[in-house]
Each structure stands twice: as C-alpha cells, then as structure tokens.
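Single-letter residue listing:
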Amino acid sequence: MTFAEVLRANQSMVFSLAFHFLRDAGAAEEVAQDVFLRLYQKLDELDGPKHATFWLRKATSRRAIDYVRKRGSRPAIALEDIAEPPTAEQPGDPLLNRRLRQLVATLPEKPRMVMVLRYQEDLMPEEISDVLDMPVRTVKSHLQRSLAMLREKIDRSMGDIR
Amino acid sequence: MIAIRTVFILCITLASLRAQELKLPPSLDRLAVKATEVVDVTLDANLLQLASRFLSDKNPDDAQVKKVIAGLKGIFVRSFEFEKAGEYSESDVASLRTQLHTPAWSRIVGVRSMKSSESSEVFVKTEGGKIGGLAILVTEPKQLTIVSIEGAIDPDQLNELGGHFGIPKIESDSKRKDNGNRKDQ
Amino acid sequence: MEDFEQQLRNALGRKQQPPTFEAKVFAAVAAQRSSRSVFWRWATEVAAVVVIASGFWMGYQHEIQQRAGEAAKARLEIALKITVTELSKIQKTVRTSTEEE
C-alpha cells in the first residue's frame, strides 16, 4: 500500500468530509492536506487500505472539529456565499440539496460531524461511534435530534414539498 | 518610548506589507459554477520551487521559464469563459480593484473599448524601486481573466516567453523602431 | 415523496477535491522531507540502503516526486501561457491605437 495509492483512493472522501463540515473550500483543502501529511508520517503503522480509510476518517473528523474551535463557531463567510466545489451530477432537487447542506452547517460540531459521517459515508451508528470515540447511545441521540430539527427547518423554509 | 515607537512602526510596516499581497475575491468561486470553461491555477512558493526542479537547463524553453520564475513567490490565474454576456458583474472584481488602487500598486496600461465593452489593465507593484508583483485584469462580455504574480518579475523576460509554449512571438519595440528607420531611408 | 434520509444522502454526497490538491499534497510531503534534521536524513538513508536492493524504496520516492513535479510544471506552463498571451494582446492593442493617432 503506497502513499500515492491511499491518497488517490481517499482524497475525495477526506476533502468532502472537511468541506461538508466546514462549508469553506479553502479551509477544507487546508485540513485535508494536513491530514494527508500526517498520514504520510504514520503510513508504516497502518494495516492495509481499510485501516487507512478508518484512520483518515478519524483524523479528518478530529482536525475539522479542532479547526472550527480555533476559528470560532461562526463560519468565515456567509453560508449563502459558499462556493460549491464541482461534483459529479447529484441526484435530487439542487435547491433542496443546497438548503439541506446549509442547515447541516448550522448544527453544533459533534452532531454535525455525526450527520456528515452518516449521510456522506453511510456509516452505521456503531461505526460512527468508533470514528468519533463517542458512545453509540450518544451518536443515536445526535442523529435523532438533528433529523428532527432539520425536518422542521426544511418544512418551514421550503414549504411542504414532500 | 523609542522602543515602543520602533515596534509601532514595524507593526505598521509589516501590516502594510501583508496588506499588499493581492487577495482574490471569494466571489470568483461562484463564477466557476456559471462558466463554461474555467482555468484555475494557484502556484505558491513550494509548488514553484518543485516545478523549477523539473525544468531542464538544457531545454531552451525550460531554461527561459526558470529565469522568469526564479524570484517569484506565487502565480495565481483565474480565467472564466461564459456562454453569454452578463454572467458576472463589476462587483465580482470590485474588491480586487480596490486593492489595486492602493499606493503599492500602479496601473501601467489601461485599454478600453467602448464598442466591444472590453477592458484590459496591467498593474505593477513596486517595492524599494523594484517590481515586486504584476497583476492583469481583463474583462470582456463573455470572459474574465485575472492574473496575479507575486515576487520579483521582469516583464521583458515574460515577453521573451513569446515564441515558446505555442505563444506567438511579439516584436519588441526596439525591433519595430529599427524597421521603421530602415523604411525611411 | 423521497425519503428525508435519502434527501440528506443526495445533499451530502461526496464533493470533488480541487484539481491541484494531489500535486499540493505531494509538494508538501517533499518540502517536509527536505526540511528534516540531519539525524532524520541519516536515519532515512540507512533505511533506504537496507531496502534499496529490492528497488522499491527508490521507485516509490521517485514516483511521488515525479508526479508532483510534472503536475506543478504543467500548471506553471498554463499560467505563463495565459499571462503572456494576455500581455501580448494588450501590447498589440496599445500599438494599434498608437499607430492610428
């Protein structure tokens, strides 16, 4: 397993995790770069591609949360002004997608990271618990409350579109 | 008292030096979504150094480029092509213009066509009597190009890159004057 | 109506990293290696001597450097091409309008 292979296989995941959490492409790039630099130093300690991916999710989550704490809780620029990095064609209503992303960004740090890991990476609560070193009960509670809050806010801001 | 004054002056100098680095407006990222073609190049000092190591002194093109980038701290290019006019506005480049109108920067060329609504401007930054940066701003109805070069740049050396990389060679002013003189004889 | 959780999956789908991201990471790795202390360089070189027989170590380091450098060089060429082309166009316009006066 070479560093180049791990980088290529995971760079989108790492950048994307950071971006959805931070809602700032420049900051996401900075965090992602930092994570891969640390990975380079730790590569020999990793046990194969799956371990590398797990390590990267953990490191990215931690680094992104630290970044927000150092910067302060307010995003650097208004959420409406966030430039979206290019994506392959995304399914669903683009307006709804954008609004959901904005709302996720308003969640407190830990629940926000839980939501991004759940819905970007499709991780189960037990896997999120391992990544974030958080009790499974707490992960589930964050998911439940965040979903309820987001559902209510999206209903209010977009009307009943369901 | 003198020590405090010295620190104060130093802080102002450092602050003004930092302020002179050109900051590209964040609104440019929004334009990328609307553009049909985007060129987005950011080369900081590390990347320039790395690129330089891959330029061969034996290749004339590479050697020329190496000379040009020797004193540079960064090159930033943002170029957008749009399908139709009106996809960007003056407000997208307003903050950039504000920075280019600070004392550190001087506009050396400004060309405007009212007929085609095109405008091209070249700015240089001077530090201690030497050129410490170059900025180009080209606005056309369906295209916007911003180039920012930080560091010691020699415009003549840049000109000499014409004829390389598929760029047409432009006659220098001195050559044209010589040709003119010969015609008059 | 689409399930709300599926809507969240749609919204939080993976985003693409910037095209220069990979080159920047390789460049940062290369910069980090070259700034290490003499001791670490020595230690790394000893390790390299051990592994060098297989050719793997040299090939691996070379590959990283090579890809990063080529990517950076390609970006540099694009940047300079655009810069010189725009300057050339401006110079031509200035000359044309000067000659017309």
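Summarised in this report is the structure supplied together with it. (Residues numbered from 1 in each chain as written. Chains lettered and ligands numbered in written order. Predicted model: local features only at pLDDT ≥ 70, side-chain atom pairs only at ≥ 80, totals over all residues.)

Details of the overall build of chain C
Alright, step 1. Of the regular secondary structure elements, chain C holds 4 helices and 0 strands.
Alright, step 2. Traced from its N-terminal end to its C-terminal end, chain C shows the element sequence α-α-α-α.
Alright, step 3. Here chain C, with 101 residues, has 29% of them falling under the buried criterion. (Helix = DSSP H or I, 4+ residues; strand = E, 2+ residues; numbered from the N terminus. Buried ≥ 20, exposed ≤ 12 C-beta atoms within 10 Å, placed from the backbone.)

Considerations on the pairing of strand β4 (residues 118-127) of chain B
Residue and element names in this part refer to chain B.
Alright, step 1. Where strand β3 (residues 105-113) lies against β4, 8 bridges are found, and the strand directions are antiparallel. By the bridge assignment for β4, G110 is matched with E121.
Alright, step 2. Once β3 ends, the chain turns through 4 residues before running back antiparallel as β4, passing S117 with a positive phi of about 55°.
Alright, step 3. Where β4 meets strand β5 (residues 130-140), 9 bridges bridge the pair, whose relative direction is antiparallel. Within the sheet, the bridge partner assigned to V124 lies in β5 and is L134.
Alright, step 4. Count of turn residues in the β4/β5 antiparallel hairpin: 2 residues, of which G128 carries a positive phi of about 60°. (Pairing = 2+ DSSP bridges.)

Structural notes on unusual backbone geometry
When glycine is set aside, most residues are seen to have a negative phi, and most peptide bonds are trans.
Residue and element names in this part refer to chain A.
Alright, step 1. With a phi close to 60°, D122 is a non-glycine residue in the positive phi region.
Alright, step 2. Positive phi, normally seen in glycine, also occurs at D133, with a value near 50°.
Alright, step 3. By secondary structure assignment, the location of D133 is in the loop between α6 (125-132) and α7 (136-158).
Alright, step 4. A count of 9 C-beta atoms within 10 Å places D133 in the exposed class.

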